[in-house]
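Chain by chain, the residues run as shown.
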Amino acid sequence: MNNQQPLPSRTETKPSGPKPVDVFADVTWSAGDLEHASATQIIDYALRKYGDRLGFMTALGYSGIVLMDLLRQRLPTFKAYFIDTGFHFPETLELLERLQDAWNVEFIRLGPSLTGEQIDSIIGPRAWETQPDLCCLYRKVEPMLRVLETKDAWVAALRRDQAKTRSAIAPIQLDRRGTLKIYPLARWTAADCWDYIRAHDLPTNPLHDEGYLSIGCTHCTAPVTPGDDERAGRWQTSGKTECGLHDNG
Ligand code: SF4
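Numbers given to residues run from 1 along each chain, matching the order in which its sequence is written. Owing to the predicted nature of the model, reporting of local features is limited to residues with pLDDT of at least 70; listing and counting of side-chain atom pairs is limited to 80 or more, with chain, interface and lining totals taken over all residues.

**Structural notes on the overall build of the protein chain**
Segments assigned H or I by DSSP are reported as helices when at least four residues long, segments assigned E as strands when at least two residues long, and all are numbered from the N terminus. For the protein chain, the helix and strand inventory stands at eight helices and six strands. Each helix and strand of the protein chain, placed in order from N terminus to C terminus, yields the pattern α-α-β-α-β-α-β-α-α-α-β-β-β-α. We call a residue exposed when 12 or fewer other C-beta atoms sit within 10 Å of its C-beta, buried when the count reaches 20 or more, and partly exposed for counts in between; the C-beta positions come from the backbone. The 249 residues of the protein chain split such that 36% are buried.

What follows is the structure, encoded as structure tokens:
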């Protein structure tokens, strides 16, 4: 299905910036130390410290592709949780199938416990228009909560430059639910990610080429104009900025 050749072992193109520290020396490094570590050092730290108790969830945005590529270089196989709301773009699901076949990743698709009809009966039809927070709660957050406690920490591809709501994230932090989150790409920019993607010829969602910089459900995703926040195309008809999966405050 995928014509990509296996990628050779390689070193990370990024980072620039502060001098990296040797996190291999001691897996008890603090959050402050990790602020100055490279993405690969943070990932290695997390894998050494949490092993199978480290979870990874992705919506297959371009940052997630970068993170998944860094993970797959270090793991013979790994699982990636993907929340399937039933409203994903066909391009997103095609990318998932392509990566499932070509990469050493097993996607676990999590859906809501309730059917669409049951959700509609509780919060109303087309709730993405009237009550998007509740719609995300039933269709995204509830599936996530079912697996959240199965892991000690979660690694995700959030970056500070994606939106004002993410500008203060730390490479490792507790979110407001008390879940330990690890963001190896926190200091990366969009340009860093695209440089990495091009350098390693990674597959991405073709919708990115049409201005969809952050891609979620069809009902709540639109292209952005140059200069906008990366996530400006999400929930454009409401003031909502986050789906609730990353409750960083
Ligand atoms: S992103 Fe939109 S359609 Fe998807 S769960 Fe949230 S509100 Fe509903």
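**Examining the site of the ligand**
In this analysis, residues qualify as near a molecule or strand once their C-beta atom, positioned from backbone atoms, comes within 6 Å of it. What surrounds the ligand is a group of 13 residues, the closest being Trp-128, Cys-135, Cys-136, Cys-217 and Cys-220. Here the shell around the ligand gets five residues from one element, more than from any other, and that element is helix 7 (residues 132-148). Here the term charged refers only to Asp, Glu, Lys and Arg, the term nonpolar to Ala, Val, Leu, Ile, Met, Phe, Trp, Tyr, Cys and Pro, and the term polar to all other amino acids, Gly among them. Grouping the constituent residues of the shell around the ligand by class yields eight nonpolar, three polar and two charged.

**As for the nonpolar core**
Membership of the largest hydrophobic core comes to 54 residues, with the highest contact counts inside it found for Ile-42, Val-66 and Leu-185. It is helix 3 (residues 62-72) that contributes the most residues to this core, seven residues altogether. Aside from chain neighbours lying at most four places away, what touches Leu-185 is Ala-39, Ser-63, Val-66, Leu-67, Ala-157 and Arg-159. Here, a nonpolar core means buried Ala, Val, Leu, Ile, Met, Phe, Trp, Tyr and Cys residues linked by C-beta atoms lying within 7 Å of one another. Two residues qualify as being in contact provided that their C-beta atoms, derived from the backbone, are within 7 Å of each other.

**Topic: helix 8 (residues 190-200)**
Since there are 3.6 residues in each turn of an α-helix, residues three or four apart along the chain are aligned in direction. When helix 8 is considered as a whole, its buried residues turn out to be Asp-192, Cys-193 and Tyr-196. End-on view of helix 8: buried residues confined to an arc of 100 degrees, all on one side of the axis. Exposed side of helix 8, more than 90 degrees from the buried face: Ala-191 and Arg-198 are the residues found there. Tucked into the core, helix 8 has its buried residues touching helix 3. Asp-201 sits one or two residues past helix 8 and shows a positive phi near 50 degrees. It is the directions from the helix axis to the C-beta atoms whose arc is reported.

**Concerning unusual backbone geometry**
The phi angle at Arg-126 is positive, at roughly 50 degrees, despite the residue not being glycine. Secondary-structure assignment places Arg-126 in the loop between helix 5 (116-123) and helix 6 (127-130). Of note in this structure, Asp-201 is not a glycine but carries a positive phi near 50 degrees. You can see Asp-201 is positioned in the segment after helix 8.

**Looking at the confidence of the model for the protein chain**
Interpretation of the predicted coordinates at a detailed level should be avoided for regions scoring low in pLDDT. Looking at any residue, its pLDDT shows the predictor's confidence there, from 0 to 100. Here the protein chain shows a mean pLDDT of 86. Residues at 70 or above account for 83%. A low-confidence stretch, residues 1-11 stays under pLDDT 50, and its non-local contacts, those more than four residues away or across chains, total eleven contacts. Across residues 15-27, where pLDDT falls below 50, the model places 24 contacts with residues more than four positions away in sequence or in other chains.

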